[in-house]
Amino acid sequence: MKRYVALIMTLLFVMPAVALAGTVKLGFINSITGPEAPIGENLTNGVTLAIEDLKTKGIDVDLITEDDTGKPDKSLAAFEKLATRDKVTGIVGPYTSATANADAKMAERYKVPLIVPAASKEEITRQGFKWVYRVSGTTGDYAGVLFDLATTLGKPKTLAILNENSDFGVSGAKSAKAIAEQKGIKVVFEEAYSPGSPDYRSTLAQVKAANPDLVFMVSYAADAILLMRQSREIGLTPMAFLGAGAGFSIAQFAKEKDISQGVFSSTQWTKDAPWPGSKEWYERYVKQFGKPPTYHAACAYESMMIMGQAAAAAGGDREKTREALHTGKWNGILGEVRFQDYNGYQNQRKAVMLVEQVQNGHHETVWPLSDMAKKPIWPFPGWSK
Amino acid sequence: MNVFFQALISGILIGGVYALIGIGLTIIFGVMRVINFAHGDLLMLGMYLTYFIFTLLHIDPFVSIIIIIPMMFLFGGLLQKIIINRALNALPQNQILLTIGMGLVMSNSIMLAFTSDYKILTTSYSSSSVMLLGISISEPLIVSFVITACITMALYWFLYSTDTGQAIRATAQDREAAQLMGINVKRMSIIAFGIGSALAATAGALISPTYYIYPQVGSIFTLKAFVITVLGGMGSIFGATLGGILIGMAESIGGVYIGSGWKDVIVFILFLLVLLFKPSGLLGTSKD
């Protein structure tokens, strides 16, 4: 009797492996729950669409999803599990800069190709890693496009930087300072705040006292809303509020018309982007998920499409997949994607950025002027009573 | 100077809310000697209740306190009767584990039911303020402060002028003696936990127009509540009130003059200093 049971058990273990021989096994790490869940949702949906599209291309993806709740230690554990126990060919994710930076080191150690979809901390692709490829733009790109817009539409002379003290925030502040210096804008106030505080009023009072022309903010979902609410309370009215994507890009922020009107947000993709299929993809997303996508969804979609195709072409071999990523070229809703070495970055896509502005509760593409859906409102229109 | 007063006022106002959380915790500890690690999660429940009352019944958060106080009082009493009363004679470590477990069940149930997505309560006055002598004072915070003051006074009246209140204080002072005097200490514990929960939930309701709501929000406030309770002296309500306002001010002013990243450090250093020089807390009578 025991022998039969053992035989059946062995067969049961072998069966799945046999059945999945024709598919590509990939891992996906994301902030599905936790404070970044509102943004993480976009990445999940983007990947869902990618899996569908890969299937129509004849690539069957066996996707293993792990939730890192936005915490680096959980992300590391998830990465290790995917790399060693699940033995995936490649991994897409995670979302935040802090987790992505941690996972990048793991990717190098375990020699698993990793595509970073939306984390923008500069250092992630400045460490000489062979196995880490980044579709996302960097905070340098984020700050660059915002300041281009600001100096074209007006003549700002002073800048206040308000960033959360996470990896993303600190990198954002650094980029902003560097670019401000280049453009001759003086930084009159800078503060790295601890996220999760119920009260930013004293910090904002200091910002108001410094009277900056521009206020550059780097925050995730919840703080973006809180900061703008309290800015309205304090009566802070600069020439413009410049948000570095993330919390400023989500629909929930835009819906709060009292506090979001006129706020700029740097973005890697909008429905008005000049790349093939963008508008259709936007409409498909809205139809399937009931709400507009942020750029994170587009980045995750493209990352999974690239990883799926590379892994399938490489027959599931990690080194071959890495080579495919290193030398390949893809064209999709983010335009042409190639991973290059430049300016101290390795395996980094040269992101072409756009800027959105919240007008009447919706994000509208306002920059570059050649792609704008609506004209930018400049300067900041002041607070509604 | 303006910035200083701005920070001071915001600090005092938010200190009022902190005080409410601290008072709840100090009553629970005073009466039962149980360290309630689920206190922040009770606050979180209050926030979610407020959110749903607001979105489904369209009742203003401040008005909904009338519903929340009795509801959470009953809930807290139930928790005490069913769960904590059984562990009153257990080792303190086990009691702590019990309350931590309770907290985890609460926060994770809410997470399962409503996901971790942040919920934001937007009222017409969520970002309104009044300008007084060049300082902008948040409207919702002023109302919270006034309500907190009223509740604290009502609590004092209850504890000092009613029989039940005095019985609670007696139980807090010396449980065995109170029992010998004929006080039903188990019932006092239930009432105390009910009051503590109601206060925590009220604090949640008061802060909900200006903060964001998610299942794990409790942990930050539990920590602050502990600092306040120990700072003010475990078991002293006035101490908790004072502690709350002090912490609010320290956070706010420290945030301005030393850097907002250091806010929590300042609070904890203050805490350590008080413990070093006056271990029973500012107004505590050294019990054990």
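Bear in mind that the values here come from a model prediction, so they are computed numbers and not experimental data.

Here is what the cut-offs are and how they apply
Residues numbered from 1 in each chain as written. Chains lettered and ligands numbered in written order. Predicted model: local features only at pLDDT ≥ 70, side-chain atom pairs only at ≥ 80, totals over all residues. Helix = DSSP H or I, 4+ residues; strand = E, 2+ residues; numbered from the N terminus. Expected span 1.5 Å × (residues − 1). Bend = angle between axes of the 7 residues up to and from the residue. Buried ≥ 20, exposed ≤ 12 C-beta atoms within 10 Å, placed from the backbone. Contact = placed C-beta atoms within 7 Å. Nonpolar A, V, L, I, M, F, W, Y, C, P; charged D, E, K, R; others polar. Axes fitted to C-alpha atoms, helices over the stretch in contact; angles between N-to-C directions. Parallel < 35°, antiparallel > 145°, perpendicular 65-115°, else oblique. Left-handed = near helix turned anticlockwise from the far one by under 90°. Core = buried A, V, L, I, M, F, W, Y, C linked by C-beta atoms within 7 Å. Domains from an automatic or database assignment. Pairing = 2+ DSSP bridges.

Colleague: What is the right way to look at helix H1 (residues 2-32) of chain B in this model?
Modeller: Helical geometry note: an α-helix holds 3.6 residues per turn, so side chains three or four residues apart project in the same direction. Residue and element names in this part refer to chain B. Helix length check: H1 (31 residues) gives 45 Å between terminal C-alpha atoms against 45 Å at 1.5 Å per residue, within 8%. Glycine 16 marks where H1 bends most, by close to 25°. Most of H1 sits inside the fold, with 25 of its 31 residues counted as buried. Taken from the residues just after H1, arginine 33 is the one with a positive phi, measuring 55°.

Colleague: Mind showing me how you'd approach the interface of chain B and chain A here?
Modeller: The accessible area lost on association of the parts is a frequent measure of interface size. Taken residue by residue, the interface counts 32 residues in chain B and 32 residues in chain A. Mapped by element, the contributors of at least two residues to the side of chain B that touches chain A are H1, strand S3 (135-138), helix H10 (237-257) and helix H11 (263-277) of chain B. Counting residues per element, the side of chain B that touches chain A draws most heavily on H1(B), which supplies 6 residues. Tallied by class, the residues present in the side of chain B that touches chain A amount to 12 nonpolar, 17 polar and 3 charged.

Colleague: Help me understand the environment of Gln357(A), please; the structure alone is not making it clear to me.
Modeller: Residue and element names in this part refer to chain A. With respect to the helices and strands, the residue glutamine 357 is situated in strand S15 (residues 354-359). Distance from glutamine 357 to glycine 262, taken between C-alpha atoms, is 6.0 Å for residues 95 residues apart in sequence. Among residues more than four places away in sequence, those in contact with glutamine 357 are Gly262, Val263, Phe264, Glu364, Val366, Pro376 and Ile377.

Colleague: What should I look at first to understand the packing of helix H12 (residues 295-313) of chain A against helix H13 (residues 318-327) of chain A in this one?
Modeller: Helices that pack against each other are described as a pair by the angle of their axes relative to one another and the distance between those axes. Residues and elements named next belong to chain A. It is at 8 Å that the axes of H12 and H13 come closest, and there the two elements cross at 125°. Accordingly, the angle class assigned to the pair H12 and H13 is oblique. Viewed along their axes, H12 and H13 form a crossing whose handedness is right-handed. For the pair H12 and H13, contact is made by Ala310, Ala311 and Ala313 and by Thr321, Ala324 and Leu325, respectively. A class-by-class count of the residues in the contact of H12 with H13 yields 5 nonpolar, 1 polar and no charged.

Colleague: Is there a simple way to think about the nonpolar core in this case?
Modeller: Most often, soluble globular proteins keep nonpolar side chains buried together rather than apart. Ranked by internal contacts, the top residues of the largest apolar core, which has 204 residues, are Leu114(A), Leu146(A), Leu242(A), Tyr301(A), Ala192(B) and Ala201(B). If one sorts the elements of this core by residue count, H1(B) sits on top with 16 residues. Two domains each donate at least three residues to this core, and these are domain 1 (2-137 + 275-348) and domain 2 (140-267 + 354-371) of chain A. For Leu114(A), the contacting residues outside a window of four places in its chain are Ile91(A), Asp103(A), Ala104(A), Ala107(A), Trp131(A), Val132(A) and Tyr133(A).

Colleague: Could you clarify how one ought to interpret the domain arrangement of chain A in this entry?
Modeller: All names here are of chain A. You can read the domains of chain A as domain 1 (2-137 + 275-348) and domain 2 (140-267 + 354-371). For domain 1 and domain 2, the distance between their C-alpha centroids amounts to 30 Å. Contacts between domain 1 and domain 2 engage 17 residues on the former and 18 residues on the latter. Contributions of two or more residues to the side of domain 1 that touches domain 2 are made by helix H2 (37-56) and helix H4 (97-110). In terms of residues, the side of domain 1 that touches domain 2 owes the most to one element, H4, which gives 3 residues. By residue class, the composition of the side of domain 1 that touches domain 2 is 6 nonpolar, 6 polar and 5 charged.

Colleague: How should the sheet that holds strand S7 (residues 186-193) of chain A be read in this particular structure?
Modeller: Working definition: the strands of a sheet are paired by backbone hydrogen bonds and lie parallel or antiparallel to each other. All names here are of chain A. An order of S7-S6-S8-S9-S10-S15-S16 is seen for the 7 strands of this open sheet, with the pairing classed as mixed. Strands with a single pairing partner mark the edges of an open sheet, and in this sheet they are S7 and strand S16 (362-367). Neighbour-to-neighbour, the strand axes of the sheet open up by a mean angle of 25°, direction not taken into account. Along the sheet face, helix H5 (residues 139-153) touches strand S8 (214-218), strand S9 (240-243), strand S10 (264-267), S15 and S16 and points at about 135° away from the line of S10. Running at roughly 180° to S7, helix H7 (residues 201-210) makes contact with strand S6 (158-164), S7 and S8 of the sheet.

Colleague: Hey, could you run me through the packing of helix H5 (residues 139-161) of chain B against helix H6 (residues 163-173) of chain B in this one?
Modeller: Residues and elements named next belong to chain B. One can describe the packing of H5 onto H6 by two numbers: an axis separation of 5 Å at closest approach and a directional angle of 80°. Comparing their axes, H6 and H5 come out roughly perpendicular. Contact residues: H5 offers Phe158, Leu159, Tyr160 and Ser161, while H6 offers Gly165, Ile168 and Arg169.

Colleague: Before we go on, may I ask you to explain unusual backbone geometry in this structure?
Modeller: The phi angle of most residues is negative, glycine excepted, and most peptide bonds adopt the trans form. The omega torsion across Gly93(A) and Pro94(A) is -15°, close enough to zero to call that bond cis. With respect to the secondary-structure elements, Pro94(A) resides in the loop between strand S3 (90-92) and H4. Of the consecutive residues Trp378(A) and Pro379(A), the connecting peptide bond is found in the cis state with omega at -5°. On the secondary structure map, Pro379(A) appears in the segment after S16. For Asn360(A), which is not a glycine, the phi torsion comes out positive at approximately 55°. Locating Asn360(A) in the fold gives a position in the loop between S15 and S16. Assessed through the 10 C-beta atoms surrounding it within 10 Å, Asn360(A) is described here as exposed. The phi dihedral of Arg33(B) falls on the positive side, at around 55°, and the residue is not glycine. Mapped onto the elements, Arg33(B) comes out in the loop between H1 and helix H2 (39-57).

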